[in-house]
Amino acid sequence: AFWIKELSVRTGVDERVLHEEMEHLAAHPEHRTSNIEHRTPEPQTLSRKELISQRLLSLVLSKKEYYPIISAIAAYLPADCQMVFDYLLAKVAVLPSQVQQLVDFLWLRSSVAAPQNDQELQQELQELTKQLKIEHFKEQRQLVQEKIQRAEQSGDEVTLREALIEFDKISKAMHSGAG
């Protein structure tokens, strides 16, 4: 009875309705979840960039005044996080199921893991933004390194020179505080 009352308080559903549902489940065992095929989802390994992006989105999800922060760094977000942000801005009406699950996860996370005051929130957003840019530049640098290796192997001096200049720009941007 205590847990029914607690569930009623948390969900706003009347206790009588919850009792009726429990009786219905007891009377109809075929509706229990034990008959449903359970599939354990495969653990998903997320990159650092994805984790940072998800944290950023979860922090600004319910605070529209912080959307400009995400707008400024949207190009650095992974594709699924960009879709989430476009959805929040009402640029996208329907999301693929995997991205919708991400939105649901972010809403849940935003309700339990937000800093207590605006100053802490702003500091965390600033640090996460910086880290996201750094991760983006690391990815870009890795691509350029591969381009440099291919140019060296093929003996393409023009491509090599261009790639080295690009590598230098990315490295400087990274070391100047994520540009």
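Everything in this summary refers to the structure shown in the same document. (Residues numbered from 1 in each chain as written. Predicted model: local features only at pLDDT ≥ 70, side-chain atom pairs only at ≥ 80, totals over all residues. Heavy atoms only, no water.)

## As for the overall build of the protein chain
Secondary structure assignment for the protein chain yields 8 helices and 0 strands. For the protein chain, the proportion of its 179 residues judged to be buried stands at 29%. Residue pairs at least 24 apart in sequence account for 58% of intrachain contacts in the protein chain once pairs closer than 6 positions are excluded. (Helix = DSSP H or I, 4+ residues; strand = E, 2+ residues; numbered from the N terminus. Buried < 20%, exposed > 50% of the residue type's maximum accessible area, 1.4 Å probe, protein only. Contact = heavy atoms within 4.5 Å.)

## A look at helix α8 (residues 157–175)
Residues separated by three or four positions in an α-helix point in the same direction, a consequence of the helix having 3.6 residues per turn. With 19 residues, α8 ought to run about 27 Å at 1.5 Å a step, and its terminal C-alpha atoms sit 27 Å apart, in line with that. Buried within α8 we find L160, A163, I170, S171, A173 and M174. All buried residues of α8 project into a common sector of 155 degrees when viewed along the axis, lining one side. Exposed and oriented more than 90 degrees from the buried face of α8 are E157, R161, K169 and K172. Structurally, α8 contributes buried residues whose contacts are with α7 (118–154). The backbone nitrogen of V158 lies 3.4 Å from a side-chain oxygen of the residue at the head of α8, namely D156. (Expected span 1.5 Å × (residues − 1). Arc of directions from axis to C-beta. Polar contact = N/O pair within 3.5 Å; in protein donor to acceptor, adjacent residues only side chain to side chain.)

## Some words on the packing of aromatic side chains
Inspection of every chain in the model, using the stated rule, returns 3 aromatic pairs. A ring pair is formed by Y67 and F85, whose centres lie 5.7 Å apart and whose planes are at 75 degrees; its orientation type is edge-to-face. Of this pair, Y67 sits in helix α4 (residues 67–73) while F85 sits in helix α5 (residues 79–88), and the two are 18 residues apart along the sequence. A single burial state applies to Y67 and to F85, both of which are buried. Ring geometry for Y76 versus F137: centroids 6.1 Å apart, planes at 70 degrees, classification edge-to-face. Taken together, the residues span a long stretch of sequence, with Y76 in the loop between α4 and α5 and F137 in helix α7 at a distance of 61 residues. On the accessibility criterion, Y76 (17% relative accessible area) is buried. Classification of F137 by relative accessible area gives buried; the value is 12%. (Phe/Tyr/Trp six-rings, centres within 6.5 Å; stacked < 30°, edge-to-face > 60°.)

## Section: the pattern of salt bridges
Following the criterion strictly, the structure yields 8 salt bridges and no others. Its salt-bridge partner being R48, residue E135 comes within 3.0 Å of it at the nearest N-O pair. With E135 in helix α7 and R48 in helix α3 (residues 48–60), this pair connects stretches of sequence that are 87 residues apart. Assessed through its relative accessible area of 11%, E135 is described here as buried. Residue class for R48 comes out partly exposed when judged on its relative accessible area of 43%. Residue D168 is joined to K172 by a salt bridge in which the shortest nitrogen-to-oxygen separation is 3.2 Å. Separated by 4 residues within a single helix, D168 and K172 lie in helix α8, roughly one turn from each other. Because the salt bridges share partners, they merge into one network encompassing R48, E135 and K138. (Salt bridge = Lys/Arg side-chain N within 4 Å of Asp/Glu carboxyl O.)

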